[in-house]
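Residues per chain, in single letters:
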Amino acid sequence: MSRTKRVKLCEEEEGQQLLPNLPDHLAYLCLSQVPARVLFSVCHSWRRLLYSPSFPPFLSVYALLSSSSSSLAADEERAENETHLGFSSYDPISGAWHPLPSPAPDPRLGLILLRHPSFFNRRLPIQSVSLSGHLLLLAATTHQLLPALPRPVIFSPVSNQWRLGPLMSTGRRWCATGVASGNVYVASGMGAEYNSQVARSAERWDLNKPHWEEVAQLKDGKFSREAVEAVGCRGKLCMVNVNGNAAKEGAIYNVGKDQWEKMPRGMLGGWKGPAASMEEEALYVVDEAEGTLKVYKWETDEWRTVMESEHFKGASQMTASGGKLCAVRAGGAGITVVDVVAQPPRIWVVEPPSGTRVVAVHVLPRMSRPDTQD
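Residues numbered from 1 in each chain as written. Predicted model: local features only at pLDDT ≥ 70, side-chain atom pairs only at ≥ 80, totals over all residues. Heavy atoms only, no water.

**Description of the overall build of the chain**
Helix and strand content of the chain: 7 helices and 24 strands. Of all 374 residues assigned to the chain, the portion counted as buried reaches 51%. Accessible surface for the chain amounts to roughly 17,300 Å². Of this, 50% is attributable to carbon and sulfur atoms. (Helix = DSSP H or I, 4+ residues; strand = E, 2+ residues; numbered from the N terminus. Buried < 20%, exposed > 50% of the residue type's maximum accessible area, 1.4 Å probe, protein only. Areas by Shrake-Rupley, 256 points an atom, 1.4 Å probe, with all protein chains shown as cover.)

Structure (structure tokens):
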């Protein structure tokens, strides 16, 4: 379609049908087959349709962002009252970042810290997962070094609203969090202080149920050492107890059997950085020291190299969906995106909004914005 025709459509669109001489419900069916980039570029009425709650959504990047400062001294001055955190969504169609509404349901969210003066050089973990098209905030730490979240805080891109989930058996920090077979899991960790019972416990929640339920306990409390991601793949929840390239122990929760199993030697040996699964079928890991992306071969218990890139060195967290893999770059300086379906895999970088750094990243359906004009 020529620019002249697009302009004419935009000028005449107010009060007009989506497609001339065609009822809107039929036009809706036709336009749902049109690539999102085309709908976005033609006119405002089609653009509004693209972001309406009822229209099939495309995938977007969601990131937890922190304010970046110009100096260490400035960080130290505000560390005790760090509240400069927020979620934003990167729209790949418009190429723009859009902040999520403030998660107002729980005032304790304002007490979440990323850094604390007592050990400023270490970043406090803020743990989040995505499940069934929702973003869930699960664990964090307050300025008093206590668990910040007694229950999940959940964002729905379709309604563009936050809500609260049911109370967990205990508030946790420095725990394992993950998703497998349609449920969200939290395991191990600690509350106000270390407790061996909490360190061995695990529980799960089905978003359609009003309560959490306990699952089999871990054999020991070694997974309360550090906040880690538990990666769901092929009916199992896989996790290691230390981030990065250090020596570690691994464990696998078998969802169907409700039991913990030993992690295979090859899987554990190659788990040298952030990991993620693609639709819970393929398991990926980044060797953050070498800058290598690898995929796990279940049949042979080995990791196969997908690609190497300087962008992966120092990566701190990763997610995957829709054939795309997103990794937080060293220091939160951006998001490395890899199309692992393309041959060879295609890679590019998404820069965060000015003055921010990326803490965590997820892939979810785009936010509903039916009144959009940009």
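**Structural notes on the confidence of the model for the chain**
Taken as a whole, the chain shows an average pLDDT of 87; of its residues, 87% reach a score of 70 or greater. Across residues 1–14 the pLDDT falls below 50, and counting only partners more than four positions away or on other chains, this stretch makes 15 contacts in the model. Residue range residues 70–83 is modelled with pLDDT below 50. Its contacts to residues more than four positions away, or to other chains, number 21 contacts. (pLDDT = per-residue confidence, 0-100. Contact = heavy atoms within 4.5 Å.)

**Overview of the side chain of S128**
Structurally, S128 can be placed in strand 4 (residues 127–131). A polar contact is formed between the side chain of S128 and the side chain of H362, at a distance of 2.8 Å. (Polar contact = N/O pair within 3.5 Å; in protein donor to acceptor, adjacent residues only side chain to side chain.)

**Describing the sheet that holds strand 19 (residues 302–308)**
Pairing in this open sheet of 4 strands is antiparallel, and the strands run 16-17-18-19 from one edge to the other. Sheet topology places strand 16 (275–278) and strand 19 at the edges, where each strand pairs with a single neighbour. Adjacent strand axes in the sheet meet at a mean angle of 30° when their direction is disregarded. One ladder, built from 6 bridges, connects strand 18 (residues 292–297) with strand 19; its direction is antiparallel. The residue of strand 19 that forms the bridge with K294 is T305. (Pairing = 2+ DSSP bridges. Axes fitted to C-alpha atoms, helices over the stretch in contact; angles between N-to-C directions.)

**So, the sheet that holds strand 10 (residues 202–205)**
Strand pairing within a sheet occurs via backbone hydrogen bonds; the two strands may be parallel or antiparallel. In space, the 8 strands of this open sheet follow the order 11-10-9-8-12-13-14-15, with mixed pairing throughout. A strand with exactly one partner marks an edge of an open sheet, and here the two such strands are strand 11 (213–214) and strand 15 (259–262). With 4 bridges connecting them, strand 9 (residues 183–187) and strand 10 associate as antiparallel partners. Residue pairing in the sheet places V186 in a bridge with E203 of strand 10.

**Some details on the state of the cysteines**
Linking two cysteines covalently through their sulfur atoms gives a disulfide. The full count for this structure, using the stated rule, is 0 disulfides. Considering cysteine sulfurs only, C238 is the nearest to C233, which forms no disulfide, with 6.5 Å between them. According to the relative accessible area criterion, C233 is buried, its value standing at 0%. (Disulfide = S-S within 2.5 Å.)

**A closer look at the packing of aromatic side chains**
Enumeration over the complete set of coordinates arrives at 10 aromatic pairs. Residues Y90 and W97 carry aromatic rings whose centres are separated by 5.3 Å and whose planes lie at 55° to one another, so their mutual orientation is tilted. Neither residue differs from the other here; Y90 and W97 are each classed as buried. For the pair F155 and W162, a centre-to-centre distance of 5.2 Å together with 50° between the ring planes defines the contact as tilted. Across the pair, W162 and F155 agree in class, each one buried. Here a set of aromatic residues connected by ring pairs shows up, and it is made of W271, Y296, W298 and W303. Over the ring of F40 we find R47, and its NZ or CZ is 4.0 Å from the ring centre. (Phe/Tyr/Trp six-rings, centres within 6.5 Å; stacked < 30°, edge-to-face > 60°. Lys NZ or Arg CZ within 6 Å of the ring centre and 35° of its normal.)

**Topic: unusual backbone geometry**
Cis geometry marks the peptide bond from Q343 to P344; its omega dihedral reads 0°. Tracing the sequence through the fold places P344 in the loop between strand 22 (335–339) and strand 23 (346–350). Although it is not a glycine, S132 sits at a positive phi angle of roughly 50°. Structurally, S132 can be placed in the loop between strand 4 and strand 5 (134–139). Overall, S132 belongs to the exposed group, its relative accessible area being 57%. In this model, E280 sits at a positive phi of 60°, which is unusual for a non-glycine residue. Topologically, E280 is positioned in the loop between strand 16 and strand 17 (282–287).

**A closer look at the side chain of T319**
Mapped onto the secondary structure, T319 falls in strand 20 (residues 317–321). Note on T319: relative accessible area 10%, which makes it buried.

**What about the pairing of strand 2 (residues 85–91)?**
Burial analysis of strand 2 places 5 of its 7 residues in the buried class, the great majority of the element. As paired strands, strand 1 (residues 59–67) and strand 2 are joined by 6 bridges and run antiparallel to one another. By the bridge assignment for strand 2, L64 is matched with F87. Where strand 2 and strand 3 (residues 96–99) come together, 4 bridges link them in antiparallel fashion. Paired with D91 across the strands is A96, a residue of strand 3. Linking two consecutive strands that pair antiparallel, namely strand 2 and strand 3, is a turn of 4 residues; a positive phi of about 70° is found at G95 within it.

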